[in-house]
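# Coordinate inspection notes
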Amino acid sequence: MGDFRDKLRAVIDGKGETHIERKRHRMVFLATVGTALLLIVFVMMLCIGPTAILDPIDALSNLFSAIGKDGSAMTDKEVMVFSSRFPRAVAAIAVGLGLSIAGTSYQAVIRNPLVDPYIMGVSSGAGTFAIAVIAFNFTFFGLISSHSIYLIAIAAIIGGLLAFGLTMVLAHRADATTNAYVLSGVVIGLVFGAVQTLMIVFSGNKVSDVLLWLFGSFANITWDKALFILIPVIVMSVLLFRYAKELNLILLGENQARQMGLDVKKFNAIVLVLASVMTAFCVAFCGIIGFVGLVVPHLCRMLFGGDHRLVLPASLALGGVLMMLADLVARMIIPGTELPVGAITTMIGVPVFAYLLIKRGKIYNG
Amino acid sequence: MDEVPLLEVRHLDKVYENGYHADRDISFSIPSGKLVGLIGPNGCGKTTMMRCINKMHMPTSGDILIDGESVMPKTPAEVARLVSNVPAEMTASFGLTVFETVMLGRYPYLQNMWWETEEDESIVVDTLKKFGVYHLQDRALNMLSSGEQQRVLIAKAYVQNPRLMLVDEPTSHLDMKYKLDVMEYLRAMIKQDMTILVAEHDISLMARYCDLCIIMKKGQLIAIGEPKKVITEELIREVYEVEASVGFDRDGEIYVLPKRYKGPPEDEVPLE
Ligand SMILES: Nc1ncnc2c1ncn2[C@@H]1O[C@H](COP(=O)(O)OP(=O)(O)O)[C@@H](O)[C@H]1O
Ligand SMILES: [Mg+2]
């Protein structure tokens, strides 16, 4: 496997003479291969589904004819490709890259490789509020129509950001060190987790709906929902990309980064807020999909090195591709039954993570 | 001295938030192109003073001037181009290589560029060679020995191209050979336009390598001057409350041999 990685590296690096040339090569490789993979898997997402498997030309021609029709009088096939599979693929890409970029950013700022996007309590806060809606028709005291497709999503975002806010307040009341963030996140997560458990116990016949949301799924994604996820994820990602160099700098420790001209407190706060808002949007419709935000950053570091100017774009591509593949598996592996995608990512993620831990653990500890 | 000193510390006072008075009315100045040793017992305020010099901490009162200009109104990035610092130890490198770590020393010069320039790269390569870590350039920082890590951290501070480099206890967990090694590298780095201020407990080592010594005790400046003039048995007794012999070896190098703790205050009965 080490051999394989070296060979892959040689391809990725090209014939670069200097470090900078090699990094530029890696970037070009990432841009081309990443885009190609995203496109290929995206087309696979349009072709493959439980109702029918189309060949790529068929799928694409249905897609383009549907786009031409502007939504009216579509054939069944066009509806399937354009209104069901397409937004679903978009949502999978958005959530995959969002969770991966959030995970990468969190890991750098907290400088702990075990950190995932849910470390700051976002998932438990989101889960608690989402369950309140699903099981008890919580409508924010009538503020949001109980028929709105956004009700669960908005509840999840509010809950996620509430938990994140509480984590930040607690961490800052402590000493705002990276340990304080992790510990506060764990504590807040436990509190919301307990409320969540209580609600599940009393959720009666809604319990399966609740569990379905919690495990995460891209079923029932429409165009509106896909865009509702995609747009904020793109905005947050672009903003985080601008901090790539600073994410490298912070790896030297807060004192060194501060000494080299970075306003560390402000930087930490900005990155954590951006990553948490992004995570909240990722879980809003699709529930809590585990392991992607933990494993993808490590895979990217293994392939492209620790420089965030490469890790961030790599997370974007790999996160998007892997999430689409996981969704394909989730809807195809057992005919007639759609598995929660979170279960698939966990089943793939655990062995990959164990492998990384064994092979690469040394790199993270002294 | 007619020319403007490289570093001037004026009546520096630092009182921490908890009321602890770590530095008291410290004033001195040092010229360009010197290796300056900062010596004093644990907790006497050496690190605190260094942190005030590069604005990591705000002094409670007093001023720090570099080339005659106060650092107080300068932005962190401006200070980073004047003063670099070598930490006593390093946190996890998270897969950053030695090359990438040293390259981060160029961060204050990057401005809005995405990649570093070829010029940055050649500065880093030259420095890696100069510090004998070129062959380690693709290794992860935390896979190196402490001695190698220390060299990498010094290299990083060096490519920052500062006027003043602050080095805090660089040899604290190094063996004899690496201690000399670090001091040799610091010595070799001194250029006409750069001064290094190094805090260190090994007085003999400091006396041998430094052009100037600054002696501190309980937050105050006790002495500043050439090592051979400043380091005496009386001074060691006053500063450390330790009996020591200060002598010269065959090559005329000064050495300090601690003998015993001065013992309990005079009014208590000594054991002998
Ligand atoms: N952040 C802080 N808050 C309060 N007291 C501090 C802080 N940092 C250091 N001190 C105290 O200031 C004194 C000087 O510390 P320091 O400058 O680190 O000494 P040295 O580097 O000479 O060993 C010590 O007594 C230490 O306990
Ligand atoms: Mg100290």
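Reading the values: rules and limits
- Note that residues are indexed from 1 along each chain, following the sequence as it is written.
- All chains are assigned letters beginning at A, and all ligands numbers beginning at 1, according to the order in which they are written.
- Where local features are concerned, this predicted model is filtered to residues with pLDDT of at least 70; where side-chain atom pairs are given and counted, the filter is 80 or more; whole-chain, interface and lining totals use all residues.
- Hydrogen atoms and water are omitted, and side-chain values are computed over all heavy atoms in the structure.
- Note on conventions: DSSP H or I runs of at least 4 residues are helices, E runs of at least 2 residues are strands, and numbering of each starts at the N terminus.
- We compute the radius of gyration from the C-alpha atoms alone; for a globule the expected value is 2.2 Å times N to the 0.38, where N is the number of residues.
- Per-residue accessibility, obtained with a 1.4 Å probe over protein chains only, is compared with the maximum for each type, and a residue is labelled buried under 20%, exposed over 50%, and partly exposed between these values.
- Note on contacts: a residue pair qualifies if any of its non-hydrogen atoms lie within 4.5 Å across the two residues.
- Per-residue and other accessible areas were derived by the Shrake-Rupley procedure at a 1.4 Å probe size, with only the shown protein chains allowed to occlude residues.
- Charge assignment in this entry is limited to Lys and Arg as positive and Asp and Glu as negative, and neither His nor the chain termini are counted.
- Charge positions are represented by NZ for Lys, CZ for Arg, CG for Asp and CD for Glu.
- The convention used is that axes are lines fitted to C-alpha atoms, helices contributing only their stretch in contact, and that angles between N-to-C directions extend from 0 to 180 degrees.
- Each angle receives one of four descriptions, namely roughly parallel if under 35 degrees, roughly antiparallel if over 145, roughly perpendicular if within 65 to 115, and oblique otherwise.
- Crossing chirality is assigned from the near helix's rotation relative to the far helix, an anticlockwise turn below a right angle marking it left-handed and a clockwise turn marking it right-handed.
- Three categories are distinguished: nonpolar for Ala, Val, Leu, Ile, Met, Phe, Trp, Tyr, Cys and Pro, charged for Asp, Glu, Lys and Arg, and polar for the others, with Gly belonging to the last.
- Simply put, the buried area is the total loss of 1.4 Å probe accessible area from both parts when two parts are fitted together.
- Just to be clear on terms, a salt bridge is a Lys or Arg side-chain nitrogen sitting within 4 Å of an Asp or Glu carboxyl oxygen.
- It suffices for a single heavy atom of a residue to lie within 4 Å of a molecule or strand for the residue to be listed as near it.
- For the purposes of these results, a polar contact is taken to be a pair of N or O atoms within 3.5 Å, where, inside protein, one atom must be able to donate a hydrogen and its partner to accept one; residues adjacent in sequence count only when each atom of the pair is a side-chain atom.
- Any two strands are treated as partners once DSSP identifies two or more bridges connecting them.
- Expected span, for any helix, means 1.5 Å times one less than how many residues it has.
- Two rings from Phe, Tyr or Trp (for Trp, the six-membered ring) form a pair when their centres sit within 6.5 Å of each other. Planes less than 30 degrees apart are called stacked, planes more than 60 degrees apart edge-to-face, and all others tilted.
- Working rule: Lys NZ or Arg CZ, within 6 Å of ring centre, within 35 degrees of ring normal, means a charge sits over the ring.
- We call a set of buried residues a nonpolar core when its members are Ala, Val, Leu, Ile, Met, Phe, Trp, Tyr or Cys and they connect through side-chain atoms within 4.5 Å of each other.
- When the sulfur atoms of two cysteines come within 2.5 Å, that pair is taken as a disulfide.

### Observations concerning the overall build of chain B
Helix and strand counts for chain B come out as 10 helices and 12 strands. Computed over C-alpha atoms, the radius of gyration of chain B comes to 20 Å, within 12% of the 19 Å expected from 2.2 N^0.38 for 272 residues, which places it in the range of a compact globule. Considered along the principal axes of its C-alpha atoms, chain B spans approximately 70 × 40 × 40 Å. Buried residues in chain B amount to 54% of all 272 residues. Intrachain contacts of chain B at a sequence separation of at least 6 include 64% that bridge at least 24 residues. Looking at chain B as shown, the accessible area adds up to about 12,700 Å², and 49% of this sits on carbon and sulfur atoms. Averaged over its 30 positive side-chain charges, chain B has a centre that lies 1 Å from the centre of its 43 negative ones.

### Focus on the packing of helix H6 (residues 146-159) of chain B against helix H7 (residues 176-189) of chain B
Residues and elements named next belong to chain B. Taken N-terminus to C-terminus, the directions of H6 and H7 make an angle of 15 degrees; their axes are 10 Å apart at the nearest point. Comparing their axes, H7 and H6 come out roughly parallel. Relative to H7, H6 is oriented so that their crossing is right-handed. Each of Gly147, Gln150, Arg151, Ile154 and Tyr158 in H6 lies in contact with H7, whose residues at this interface are Tyr178, Asp181, Val182, Tyr185, Leu186 and Met189. Here the residues of the contact of H6 with H7 sort into 7 nonpolar, 2 polar and 2 charged.

### A look at the interface of chain A and chain B
Accessible area lost upon the coming together of the parts is a frequently used measure of interface size. Residue-level contacts link 37 residues of chain A with 42 residues of chain B. Interface of chain A and chain B: buried area, both sides summed, is about 3,500 Å²; carbon and sulfur atoms make up 61% of it. On inspection of chain A and its partner chain B, the count reaches 2 salt bridges. Of the charged contacts, one joins B:Glu100 and A:Lys23 as a salt bridge, the two residues approaching to 2.8 Å between their closest N and O atoms.

### Looking at the site of ligand 1
Residue and element names in this part refer to chain B. In the vicinity of ligand 1, the residues found are Tyr16, Asn18, Tyr20, Ala22, Asn42, Gly43, Cys44, Gly45, Lys46, Thr47 and Thr48. In this structure, Lys46 approaches ligand 1 through a main-chain N or O atom, which is 2.8 Å from an oxygen atom. At 2.4 Å from an oxygen atom of ligand 1 is found a side-chain nitrogen or oxygen belonging to Thr48. Protein chains shield 66% of the accessible area of ligand 1, which is 570 Å² for the free molecule. Take the shell around ligand 1: its biggest share by element is 3 residues, from helix H1 (residues 46-53).

### Examining the sheet that holds strand E9 (residues 212-217) of chain B
Residues and elements named next belong to chain B. Strand order in this open sheet of 6 strands is E6-E7-E8-E3-E9-E10, and the pairing throughout is mixed. The outermost strands of the open sheet, each flanked by one partner alone, are strand E6 (83-86) and strand E10 (220-225). Adjacent strand axes in the sheet meet at a mean angle of 20 degrees when their direction is disregarded. Here 4 bridges tie strand E3 (residues 35-39) to E9, and the two strands are oriented parallel to one another.

### Quick notes on the packing of helix H13 (residues 292-304) of chain A against helix H14 (residues 308-332) of chain A
All names here are of chain A. One way to put it is that H13 packs onto H14 with a least axis distance of 8 Å and a crossing angle of 125 degrees. In terms of axis orientation, H13 runs oblique to H14. For the pair H13 and H14, the crossing hand works out as right-handed. Two secondary-structure elements touch here, H13 through Val292, Val296, Pro297, Leu299, Cys300, Arg301 and Phe304 and H14 through His308, Leu310, Val311, Ala314, Ser315, Leu318, Gly319, Leu322 and Met323. Here the contact of H13 with H14 is built from residues that sort into 12 nonpolar, 3 polar and 1 charged.

### Focus: the sheet that holds strand E5 (residues 69-70) of chain B
Across a sheet, paired strands are connected by hydrogen bonds in the backbone, their directions being either parallel or antiparallel. Residues and elements named next belong to chain B. Strand order in this open sheet of 4 strands is E2-E1-E4-E5, and the pairing throughout is antiparallel. Two strands bound the open sheet, and with one partner strand each, they are strand E2 (21-30) and E5. In this sheet, E2 lies alongside strand E1 (residues 7-15) in antiparallel orientation, the contact comprising 6 bridges. Considered in E2, the bridge of Val9 is made with Phe28.

### Quick notes on helix H6 (residues 151-173) of chain A
All names here are of chain A. For H6, spanning 23 residues, the distance from its first C-alpha to its last is 33 Å, which sits close to the expected 33 Å at 1.5 Å a residue. Among the residues making up H6, those that are buried are Leu151, Ala153, Ala155, Ala156, Ile157, Gly159, Gly160, Ala163, Phe164, Thr167, Met168 and Ala171. Among the structural elements, helix H5 (122-136), helix H7 (178-201), helix H8 (207-215), helix H9 (223-241) and helix H12 (264-286) are those in contact with the buried residues of H6.

### Focus: the packing of aromatic side chains
Residue and element names in this part refer to chain B. Evaluation of the coordinates by the stated rule reveals 12 aromatic pairs over all chains. Over the aromatic face of Tyr134 sits the side chain of Lys129, whose NZ or CZ is 4.8 Å from the ring centroid. Above the face of the Tyr178 ring, Lys177 is positioned so that its terminal group lies 4.6 Å from the ring centre.

### Things to note about the pattern of salt bridges
Residue and element names in this part refer to chain B. Within this structure, the stated rule accounts for 21 salt bridges over all chains. Of the charged contacts, one joins Lys74 and Glu69 as a salt bridge, the two residues approaching to 2.8 Å between their closest N and O atoms. Among the residues examined, Lys74 registers a relative accessible area of 15% and is labelled buried. Given a relative accessible area of 47%, Glu69 falls into the partly exposed group. Across the pair Lys229 and Glu226 runs a salt bridge whose closest N-O atoms are separated by 3.7 Å. A residue is classified by how much of its surface remains accessible, and Glu226, at 44% relative accessible area, is partly exposed.

### Some remarks on the side chain of B:Thr195
Residues and elements named next belong to chain B. By secondary structure assignment, the location of Thr195 is in strand E8 (residues 195-199). From its side chain, Thr195 meets the backbone nitrogen of Gly33 in a polar contact 3.0 Å long. Ignoring anything within four residues of it in the chain, the contact list for Thr195 reads Leu6, Ile30, Pro31, Ser32, Gly33, Lys34, Val36, Arg163, Leu164 and Met165.

### Quick look at the pairing of strand E11 (residues 242-248) of chain B
Residues and elements named next belong to chain B. Counting buried residues along E11, 5 of its 7 residues qualify, which places the element largely inside the surrounding structure. Where E11 lies against strand E12 (residues 254-261), 7 bridges are found, and the strand directions are antiparallel. Following the sheet pairing, Ala244 is matched in E12 by Pro258. If you look at the hairpin formed by E11 and E12, you'll find 5 residues sitting between the two strands, and Gly252 has a positive phi there, around 80 degrees.

### Concerning the nonpolar core
With 167 residues, the main nonpolar core has A:Tyr106, A:Phe218, A:Ile289 and B:Leu186 as its most contacted residues. Considering each element in turn, this core owes the most residues, 19 residues, to helix H4 (residues 76-110) of chain A. Residue contacts for A:Phe218: discarding those within four places in its chain leaves A:Arg88, A:Ala91, A:Ala92, A:Val95, A:Cys286, A:Ile289, A:Met323, A:Asp327 and A:Val341. Counting residues in each nonpolar core, the second largest holds 27 residues, with B:Ile30, B:Cys52, B:Val79 and B:Ala199 among its members.

### What about the side chain of A:Glu246?
Topologically, A:Glu246 is positioned in helix H10 (residues 244-249). For the buried A:Glu246, no salt bridge is present, and the opposite-charge side chain at shortest range is A:Lys245, 5.3 Å distant.

### Here we look at the state of the cysteines
Taken as a whole and judged by the stated rule, the model has 0 disulfides over all chains. Not part of a disulfide, A:Cys286 finds its nearest cysteine sulfur in A:Cys282, a span of 8.0 Å. Here B:Cys44 is not disulfide-linked; the sulfur of B:Cys213 is the nearest cysteine sulfur, at 13 Å.

Structural measurements only, silent on function.
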